[in-house]
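So the chains spell out like this:
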Amino acid sequence: MDSTQERTFCKWLNTKLEAQGYPPMTSLVQDLSDGVRLIQLMDIIGDTSLGRYNKNPRMRVQKAENVNKALEFITSRGVKLTNIGPEDIIDGNLKLILGMIWTLILRFTIADISEEGLSAKEGLLLWCQRKTEPYKEVNVQDFSLSWSDGLALCALIHCHRPDLLDYDKLDKSDRHGITRLAFQVAADHLGIPQLLEVEDVCDSSRPDERSVMTYIASFFHAFSTMDQAETVSRRVEKFAELMQSVWLSKNDYERRVRALLSSLIETQDEWAASQFSGTYTDAKEHSATFTTYKQTNKRAWVTERQDVTSLFGNIQTKLRTYGLREYVPPLGLTLLDLGDAWDALLASEAKRSRAINAQIRQIKETLRKQFADIANDFEQRLHVVSLELSAVAGPLETQQEQVREIQTRIPALSDALVDVANAESACIAANVEENDYTVFTCSDLEFELELLTQSIAKKISFIDNQIVSRNMTNLTPAQLEQFESTFRYFDRDETNTLSLSETSAALASLGLVYSDEDMDYIYDQLVLDYGAITFEAFINLLVDITEDQTSPEQLREAFRGIAGDKPFVTELDLRLAQLPVSAIDYLREVIPADQSGTGEPEYDYEAWLDNVFV
C-alpha cells in the first residue's frame, strides 16, 4: 500500500515541479531529505516565494533549516501537521512523509472541491456519482473497489468528452484493457498525468483510497476547468445570441415601421392626386376602391401597427430583463412618429370619404336637374303642340294642312323622348329615386306623346271624313251620320280603315248581307281602287249600293223578312238571319228596344228606319 502511495504521491509532486521547470524526483525519502525540493514545492503550490534558503545544503543543520522553513510555511497556511518534524523528513520516515504529502494534497488539491454543499472527499465522491449515474454498469460508492474495473474512469471521460471513446463498444470484461485505455486517453487528451499503474487499480484486493482520490481529483479539476470554460462559452454564446436576437428584432422593427410609414404616405399621395371625371360611374369606382382599401390594406395596416408595437415592447422587455440599455429607434421611426403618421392617415381617410360622398351627392343632384330640365322642356313642347292642335280652325282643307303640319313634328318629339329616357336611365343607374325638380317620368311623357299622336291621327281622320261627307251631295245628313257612326264603330283600331271582317260586319249592320265570295270581291275591288277601305271608300260603296238597290222601303222589307212580319226583331231573329256578331251588336245598340212579357228586348226597326230616313 505504501509503495503505491509513494509512487502516486511522487508522480503528483513531479507534475507540480516539472510544470515549473524543476527536474523530477525519483524517491520521496532521498529527494525531500535536504528540504530543497520541499521549499520548491511550497513556492509552487503556495504561489509565493519562501525567501532565501540553502540550495546546496551539506550539513544536517542546513538541511534542517530548509525543512523547518518549509514546515513553518505549511503551518502558516493553515495546514495542521501531526507528529512530524524536520528530523523525520531528514531521516527519511516514509510513513510520516506520506502523511504530510497527503495532508498537502488534501489542502491544495481536494479541499477546494465542492458539490452541492459537500466538500473534499464527500464532495468529490458525490461529483463522481452524479457524473457516472447514467451508466448502468458503474456504481461508485468509494475511492477503492468502485474503480477496479476501469468502467468508472471511462464513464467520467465519456460523460464529458464522448468524442474520445465509445463507451458502448467497450469490452466490459477486459478490466485491464479498459483501465489502460482510460489512463491513456486521460493523459493524451485531457492533460491528466497517469499517477497510477493499471496493476494498482485492477490487481489490488483493495486499491489505495488516497492514491485513487489523488488521481480522481485530477479528473475533477480537469473537467471543472472544462466546465468553467464551457460555462463561460455558454455565457458568451447566450449573450451573443441575445444581442443577435435583439439586433434582428431591432432591424425587423425598423424595416417594418419604415415600410408601414411608406405605405401610409403613398396611399395619401394617391388620394391627393386623384381626380374625379364627373360621372357617376367614376365616382362609384372611387367609392368601391376606397371600400376595398378599408377592408384590405387598412385592416392589414392596423394589424401591422399592433404587431410592431408589440415587437417594440418585447425588445424593451428583453433588454430590461438583462439590464441592457434601452432601445431608442432612429429619428422618424419611433412609436410616437408612427402614431402621428397614423393620425394623419385617419384625417386623410376622413377627407377622402367626404370628397367621394360629396361628389356622388353632387352628381346625383346634377342628374336630377338634367332630367328635370329635359322632361319639363319635353312636356312644354307637348303642351304647345296640344294647344296648336286644339286651336285648329277654318275651312276643312286649311284645317287639314294645319294638322298635317303639326303631325310632322311628332318624329322630332319621339327623338326628344329618347333623350328623356337616357336622362332617366342615368338617374336610375345613380340610384336617384326622388326628384323635387319635376313631377314627370319618362313613362308619363311617353304616354302623353302617344295620346297626342293618337289625337292628331283622329283629327286628321275626322277632317278627311268630313271632307268626304261634305262631297257626298246625294246622301242625306241622316244617312251620312249613320254611315259615319257605323264606320267609327267598326274601326276598332282607330286607323281610319276597315279590314275585311270589319267591312262585312259594318255592311251587315246596315242590312247589307253578302256571301263570302261576293264580300271578297267587293273588298278586293275597293283596295284596288283606294289602297284600303278608308272612310271615303266605305261611303262611296254605300252610295253605289243605295243608289242601285237600297231604298227605305227595301230596308223595311228586309227587316220584315228577318222579323217574320213582326213590327220588331229580337236578337234571336238576327242570329237566325246569320248576321255577323259584330253587326248584331251594333244593331242592338242603335235600334230602340222595349221589354217583352218574357223580359227579352224587342227592337223597333220601324222607328229606327223612320229616324234614319227622311
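Predicted, not measured: the structure shown is a model, and the values here were computed from it.

What to know about the domain arrangement of the protein chain
No. 1: Taken domain by domain, the protein chain consists of domain 1 (4-110), domain 2 (122-191 + 215-280 + 303-330), domain 3 (362-462), domain 4 (472-546) and domain 5 (552-612).
No. 2: Once you take the C-alpha centre of each, domain 1 and domain 5 turn out to be 169 Å apart.

A word on unusual backbone geometry
No. 1: If you check the backbone angles, N431 has positive phi at about 60° while not being a glycine.
No. 2: Mapped onto the elements of the fold, N431 is located in the loop between α16 (410-429) and α17 (442-471).
No. 3: The exposure class assigned to N431 is partly exposed, which follows from its relative accessible area of 48%.
No. 4: Not every positive phi belongs to a glycine, and D565 is a case in point at roughly 65°.
No. 5: Within the element layout of this structure, D565 appears in the loop between α22 (552-563) and α23 (571-576).
No. 6: A relative accessible area of 66% means that D565 is categorised as exposed.

A few points about the environment of A217
No. 1: Relative to the helices and strands, A217 is located in helix α11 (residues 209-273).
No. 2: Placed 176 residues apart in sequence, A217 and L41 show a C-alpha to C-alpha distance of 19 Å.
No. 3: In this structure, A217 is in contact with T109, I110, I113 and L124, ignoring residues within four places of it in sequence.

Brief notes about the packing of helix α12 (residues 280-295) against helix α14 (residues 335-390)
Two numbers describe a pair of packed helices, the interaxial angle and the distance between the axes.
No. 1: Axis separation between α12 and α14 bottoms out at 9 Å; the angle between their running directions is 155°. On the basis of their axis angle, the class for α12 and α14 is roughly antiparallel. As α12 runs across α14, the sense of the crossing is left-handed. Residue-level inspection shows Y280, A283, K284, H286, S287, F290, Y293 and K294 of α12 in contact with α14, the latter providing L345, E349, R352, S353, I356, Q359, I360, I363 and K364.
No. 2: A per-class count over the contact of α12 with α14 returns eight nonpolar, four polar and five charged.

Some remarks on the packing of helix α13 (residues 297-321) against α14
No. 1: Here α13 crosses α14 at 165°, and the two axes come no closer than 11 Å. By the angle class used here, α13 and α14 are roughly antiparallel. Handedness of the α13/α14 crossing: left-handed. For the pair α13 and α14, contact is made by K298, W301, V302, R305, V308, T309 and F312 and by L335, L338, G339, W342, L345, L346 and E349, respectively.

Overview of the packing of aromatic side chains
No. 1: Counted under the stated rule, the structure contains 22 aromatic pairs.
No. 2: A ring pair is formed by Y215 and F219, whose centres lie 5.1 Å apart and whose planes are at 85°; its orientation type is edge-to-face. Here F219 and Y215 lie together in helix α11, a separation of four residues that amounts to about one turn. For the pair formed by Y215 and F219, the shared burial category is buried.
No. 3: The structure contains a cluster of three or more aromatic residues connected by ring pairs, namely W127, F183, Y215, F219, F220 and F223.
No. 4: Positioned above the aromatic ring of Y167, the side-chain terminus of K172 is 5.1 Å from the ring centre.
No. 5: Here the guanidinium or amino end of K566 rests over the ring plane of F568, the centre of that ring lying 5.7 Å away.

Observations regarding the side chain of Q5
No. 1: Mapped onto the elements, Q5 comes out in helix α1 (residues 2-19).
No. 2: Polar side-chain contacts of Q5 include one of 3.0 Å to the side chain of D208.

Examining the side chain of Q399
No. 1: We classify Q399 as buried; its relative accessible area is 14%.
No. 2: Apart from the residues within four sequence positions on either side, Q399 is in contact with V392, A393, G394, K459 and I463.

What to know about the UniProt feature "domain: Calponin-homology (CH)" (unreviewed entry) in the protein chain
No. 1: The sites that UniProt annotates as "domain: Calponin-homology (CH)" (unreviewed entry) are residues 3-109 and 118-224.
No. 2: The span residues 118-224 shows a helical share of 55% and a strand share of 2%, and its end C-alpha atoms are spaced 16 Å apart.

Thoughts on helix α3 (residues 36-45)
No. 1: Burial within α3 is extensive, with eight of its ten residues counted as buried.
No. 2: Considered for burial, the residues of α3 that qualify are V36, R37, L38, I39, Q40, L41, M42 and I45.
No. 3: Directly beyond the C-terminal end of α3, a positive phi value near 55° is found at D47.

The rules behind each value
- Residues numbered from 1 in each chain as written.
- Predicted model: local features only at pLDDT ≥ 70, side-chain atom pairs only at ≥ 80, totals over all residues.
- Heavy atoms only, no water.
- Domains from an automatic or database assignment.
- Helix = DSSP H or I, 4+ residues; strand = E, 2+ residues; numbered from the N terminus.
- Buried < 20%, exposed > 50% of the residue type's maximum accessible area, 1.4 Å probe, protein only.
- Contact = heavy atoms within 4.5 Å.
- Axes fitted to C-alpha atoms, helices over the stretch in contact; angles between N-to-C directions.
- Parallel < 35°, antiparallel > 145°, perpendicular 65-115°, else oblique.
- Left-handed = near helix turned anticlockwise from the far one by under 90°.
- Nonpolar A, V, L, I, M, F, W, Y, C, P; charged D, E, K, R; others polar.
- Phe/Tyr/Trp six-rings, centres within 6.5 Å; stacked < 30°, edge-to-face > 60°.
- Lys NZ or Arg CZ within 6 Å of the ring centre and 35° of its normal.
- Polar contact = N/O pair within 3.5 Å; in protein donor to acceptor, adjacent residues only side chain to side chain.
- UniProt positions renumbered as here; feature names shortened; annotations may be inferred.

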